[in-house]
Amino acid sequence: MTTAQEGRTAEELKSLAEQAGRELEDASALEILQWAVDTFGAKFCVTSSMEDAVVAHLASRVRRGESALDVVFLDTGYHFPETIGTRDAVEAVMDVNVITLTPKQTVAEQDAEYGPKLHDRDPDLCCRLRKVQPLEEGLKDYQAWATGLRRDESPTRANTPVVGWDAKRRKVKISPIARWTQDDVDAYVAEHGVLTNPLLMDGYASVGCAPCTRRVLEGEDARAGRWAGRAKTECGLHG
């Protein structure tokens, strides 16, 4: 197996992730991120959907020597303008290095090859082409990546570890706010004046690609507005 930073193999990284998951379960989000920076250095990045900038803001408070942490954003070509605006604002005002990943094909090129509105006919394939494959390519040079997953978002995320093993990509996967509730997020946003996607104030509880996202109804969980009416609940980035 390919060797990792400081000669660690993938098997050693997996063991490291499992141990850290146990030891850091009760640690704060900043402590978890600091552990990641201390352990992986430049081989660690944070990903953000720009639904809000909470994880990006947390990353801006953790130092990696003199350099800012990389915050990776997937521009699928289908985002709401508000999401792109949030990305641009994060890049402008936060001490992070925003890296934007794009699919190999533009939307027009994908339409030409697969037909228009692939997201309506085969959303799994659309997600794979516009999210999963670009992220796998973008994470190639990293050994660990952080997400904004929270256990309270949906039943499929209820067992998210704060540090775990991404078996598909053979990388350490860190979810520093996994134990947070929506109230915790709201309190952090209020305390630090964190940027949030304007759509969160317009009935959207989870913001993805525009064609596959709707406002949530009263009593629905935060992910109900994604791929509404389908059995699909995840884009494939997280399993």
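Keep in mind the model is a prediction, meaning the values are calculated, not measured.

Once that is clear, we can look at the UniProt feature "binding site: [4Fe-4S] cluster" (unreviewed entry) in the chain. Here, the residues flagged by UniProt with the feature "binding site: [4Fe-4S] cluster" (unreviewed entry) are C126, C127, C209 and C212. The annotated residues occupy 87 residues of the chain but converge on a single region, no pair of C-alpha atoms lying more than 10.8 Å apart. With relative accessibility at 6%, the residue C126 sits in the buried group. For C126, the contacting residues outside a window of four places in its chain are Y78, Q110, L118, H119 and K131. Among the structural elements, C127 can be located in helix α7 (residues 123-138).

A word on helix α8 (residues 182-192). Among all positions of α8, only V185, Y188 and V189 are buried. Viewed along the axis of α8, the buried residues span an arc of 100 degrees, placing them on a single side of the element. Away from the buried face of α8 by more than 90 degrees, exposed residues D183, A190 and E191 are located.

This brings us to helix α4 (residues 81-93). Here α4 contains 13 residues, and its C-alpha end-to-end distance of 18 Å stays within 8% of the 18 Å for a straight helix at 1.5 Å per residue. Along α4, the residues classified as buried are T83, T86, R87 and V90. An end-on view of α4 places all buried positions within 100 degrees of arc, on one side of the element. Opposite its buried face, α4 presents the exposed residues P81, A92 and V93, each directed more than 90 degrees away. Where α4 is buried, its residues contact α3 (54-60), β2 (70-74) and β3 (97-101).

Time to look at the nonpolar core. Ranked by internal contacts, the top residues of the largest apolar core, which has 42 residues, are F44, V46, V163 and I174. Among the elements of the structure, α1 (10-23), α2 (29-40), β1 (44-47), α3, β2, β4 (144-146), β6 (171-174) and α8 are those that each provide at least two residues to this core. Within the second largest apolar cluster, 8 residues are counted, among which are C45, L74, L101 and Y142.

Looking now at the sheet that holds β3. Pairing within the open sheet is mixed, and its 6 strands lie in the order β3-β2-β1-β4-β6-β5. A strand with exactly one partner marks an edge of an open sheet, and here the two such strands are β3 and β5 (163-166). In this sheet, adjacent strand axes meet at a mean angle of 30 degrees when their direction is disregarded. As paired elements, β5 and β6 share 4 bridges and run antiparallel to each other. Its bridge partner lying in β6, G164 is registered against K173. Along the sheet face, α2 touches β1, β4, β5 and β6 and points at about 145 degrees away from the line of β1.

Right, let's talk about unusual backbone geometry for a bit. For residues other than glycine, phi is negative in most cases, and the peptide bonds are mostly trans. If you check the backbone angles, M50 has positive phi at about 60 degrees while not being a glycine. You can see M50 is positioned in the loop between β1 and α3. The class for M50 is buried, based on a relative accessible area of 0%. The backbone of K117 shows a phi angle near 55 degrees, a positive value even though the residue is not glycine.

Here the focus is the packing of aromatic side chains. In the structure shown here, the tally under the stated rule is 3 aromatic pairs. Here W35 and F40 contribute two aromatic rings whose centre-to-centre distance is 5.7 Å and whose plane-to-plane angle is 90 degrees, an arrangement assigned as edge-to-face. Grouping residues by exposure puts W35 and F40 together as buried. A centroid spacing of 5.5 Å and a plane angle of 50 degrees characterise the contact between W180 and Y188, whose relative ring orientation is tilted. On the accessibility criterion, Y188 (7% relative accessible area) is buried.

Take the side chain of R87 next. The topology assignment puts R87 in helix α4. Judged by its relative accessible area of 11%, R87 is buried. Residue contacts for R87: discarding those within four places in its chain leaves M50, F73, V98 and T100.

This next bit is on the packing of helix α5 (residues 107-114) against α7. Where α5 meets α7, the axes come as close as 12 Å, and the angle between the chain directions of the two elements is 140 degrees. If you check the angle between α5 and α7, you find them oblique. The element α5 and its partner α7 pack so that their crossing is right-handed. Only L125, C126, L129 and R130 of α7 make contact with α5, whose side of the interface consists of V107, Q110 and Y114. A class-by-class count of the residues in the contact of α5 with α7 yields 5 nonpolar, 1 polar and 1 charged.

Definitions and limits used
- Residues numbered from 1 in each chain as written.
- Predicted model: local features only at pLDDT ≥ 70, side-chain atom pairs only at ≥ 80, totals over all residues.
- Heavy atoms only, no water.
- UniProt positions renumbered as here; feature names shortened; annotations may be inferred.
- Buried < 20%, exposed > 50% of the residue type's maximum accessible area, 1.4 Å probe, protein only.
- Contact = heavy atoms within 4.5 Å.
- Helix = DSSP H or I, 4+ residues; strand = E, 2+ residues; numbered from the N terminus.
- Arc of directions from axis to C-beta.
- Expected span 1.5 Å × (residues − 1).
- Core = buried A, V, L, I, M, F, W, Y, C linked by side-chain atoms within 4.5 Å.
- Pairing = 2+ DSSP bridges.
- Axes fitted to C-alpha atoms, helices over the stretch in contact; angles between N-to-C directions.
- Phe/Tyr/Trp six-rings, centres within 6.5 Å; stacked < 30°, edge-to-face > 60°.
- Parallel < 35°, antiparallel > 145°, perpendicular 65-115°, else oblique.
- Left-handed = near helix turned anticlockwise from the far one by under 90°.
- Nonpolar A, V, L, I, M, F, W, Y, C, P; charged D, E, K, R; others polar.

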